[in-house]
Amino acid sequence: GTDYYAQGYFVYDSKKSGAKTVSHLRFGKEPIQAPYLISSADFIACHQFNFLFHEDMFHYAKSGSTFLLNSPYDIHEVWDYFPLRVQQQLIEKKIKCFIINASEVARNTGMTGRINTIMQTCFFALSGVLVKEQAIKQIKKAIEKTYFKKGPKVIAQNFIAVDQTLENLFELPIPDVITG
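Since the structure is predicted, the reported quantities are computational estimates derived from the model, not experimental observations.

Caption draft 1: View of the packing of helix α3 (residues 116–127) against helix α4 (residues 132–147). Running from amino to carboxyl end, α3 crosses α4 at an angle of 155°, the nearest separation of the two axes being 9 Å. Comparing the axis directions of α3 and α4 gives the class roughly antiparallel. As α3 packs across α4, the resulting crossing turns out to be right-handed. Every residue of α4 that contacts α3 at Thr117, Gln120, Thr121, Phe124 and Ala125 is listed here: Lys132, Ala135, Ile136, Ile139 and Ile143. Looking at side-chain class alone, the contact of α3 with α4 contains six nonpolar, three polar and one charged residues.

Caption draft 2: Region of the structure containing the pattern of salt bridges. For the structure shown, the criterion picks out two salt bridges. Across the salt bridge formed by Asp42 and Lys62, the nearest N and O atoms sit 3.2 Å from each other. Residue Asp42 is located in strand β3 (residues 41–46), and its partner Lys62 is located in strand β4 (residues 61–70); the two are separated by 20 residues in the primary sequence. Using a relative accessible area of 33% as the deciding quantity, one classes Lys62 as partly exposed. A salt bridge links Lys140 to Asp163; the nearest nitrogen and oxygen atoms lie 2.7 Å apart. With Lys140 in helix α4 and Asp163 in helix α5 (residues 152–165), the pair connects residues that are 23 residues apart, well separated along the chain.

Caption draft 3: Examining α5 more closely. Its 14 residues place the ends of α5 20 Å apart at the C-alpha level, agreeing with the 20 Å of an ideal helix rising 1.5 Å per residue. Three or more residues of α5 are buried, namely Ile155, Asn158, Ala161, Val162 and Thr165. Down the axis of α5, the sector holding all buried residues measures 120°, keeping them to one side. Facing away from the buried side of α5 by over 90 degrees, the exposed positions are Pro152 and Lys153. Looking at the packing, one finds that the buried side of α5 touches β5 (96–100), α2 (102–108), α3 and α4.

Caption draft 4: Local environment of a nonpolar patch on the surface. Where nonpolar side chains cluster on the molecular surface, the patch consists of Tyr4, Phe10, Tyr12, Leu25 and Phe27 and spans about 500 Å² of accessible area. Listing elements by their share of the nonpolar patch, those giving two or more residues are β1 (5–12) and β2 (21–28). Tracing the backbone through its elements, the reader meets Leu25 in strand β2.

Caption draft 5: Region of interest: the side chain of Lys140. Among the polar contacts made by the side chain of Lys140, one reaches the side chain of Asp163 at a distance of 2.7 Å. Ignoring sequence-local partners within four residues, the contact set of Lys140 consists of Phe159, Val162 and Asp163.

Caption draft 6: Just the confidence of the model for the protein chain, in detail. Per-chain confidence: the protein chain averages 88 in pLDDT, with 93% of residues scoring 70 or above. Within the protein chain, the lowest mean pLDDT, 73, falls on β2, and the highest, 98, falls on β5.

Caption draft 7: Structural detail: the environment of Leu172. Checked against the element boundaries, Leu172 lands in strand β6 (residues 170–172). Counting along the chain gives 96 residues from Leu172 to His76, while the straight-line C-alpha distance between them is 8.3 Å. Apart from residues lying up to four places away in sequence, Leu172 is in contact with Ile75, Val78, Trp79, Phe82, Cys97 and Ile99.

What counts as what
Residues numbered from 1 in each chain as written. Predicted model: local features only at pLDDT ≥ 70, side-chain atom pairs only at ≥ 80, totals over all residues. Heavy atoms only, no water. Axes fitted to C-alpha atoms, helices over the stretch in contact; angles between N-to-C directions. Helix = DSSP H or I, 4+ residues; strand = E, 2+ residues; numbered from the N terminus. Parallel < 35°, antiparallel > 145°, perpendicular 65-115°, else oblique. Left-handed = near helix turned anticlockwise from the far one by under 90°. Contact = heavy atoms within 4.5 Å. Nonpolar A, V, L, I, M, F, W, Y, C, P; charged D, E, K, R; others polar. Salt bridge = Lys/Arg side-chain N within 4 Å of Asp/Glu carboxyl O. Buried < 20%, exposed > 50% of the residue type's maximum accessible area, 1.4 Å probe, protein only. Expected span 1.5 Å × (residues − 1). Arc of directions from axis to C-beta. Patch = residues over 30% accessible without salt bridge, like charges linked within 9 Å, V, L, I, M, F, W, Y side chains within 5 Å. Areas by Shrake-Rupley, 256 points an atom, 1.4 Å probe, with all protein chains shown as cover. Polar contact = N/O pair within 3.5 Å; in protein donor to acceptor, adjacent residues only side chain to side chain. pLDDT = per-residue confidence, 0-100.

Spelled out as structure tokens, the structure:
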């Protein structure tokens, strides 16, 4: 649904549940002639809050990049749950941070445990790869194609999740100092 070229390379654990997948994605107006792994990222997403404690989420983050976090904590309390090194990197690199409780959105829309559609919606809403409205239209088109055999109820649940995603996505104001 776009005129952009795309390149994707995925590094993942062999275990599925709770495992780490690192997606190296590039989009551009010209054909992409680049190595697979990204060493300077404009966008980082973390789908499991606990990864903040044992992964260096921002090693490859550019200054001013965007960070999307699936968080069980709301926008008013989440900062205090970040490890101090995460707070420091967010401040030093001037990273824009967005929070969603994708697990809660999934649960509230009858899709408990299935956050991919929600996180994908956030990515396209924040990344600028597509205009937000166009991205939502394309996501819904893909949902219809993917879940056609599962029936209209599953499609409707996914549509509701997409619609509720943006209502539950918040930018976290980054303080000037680390708190502990």
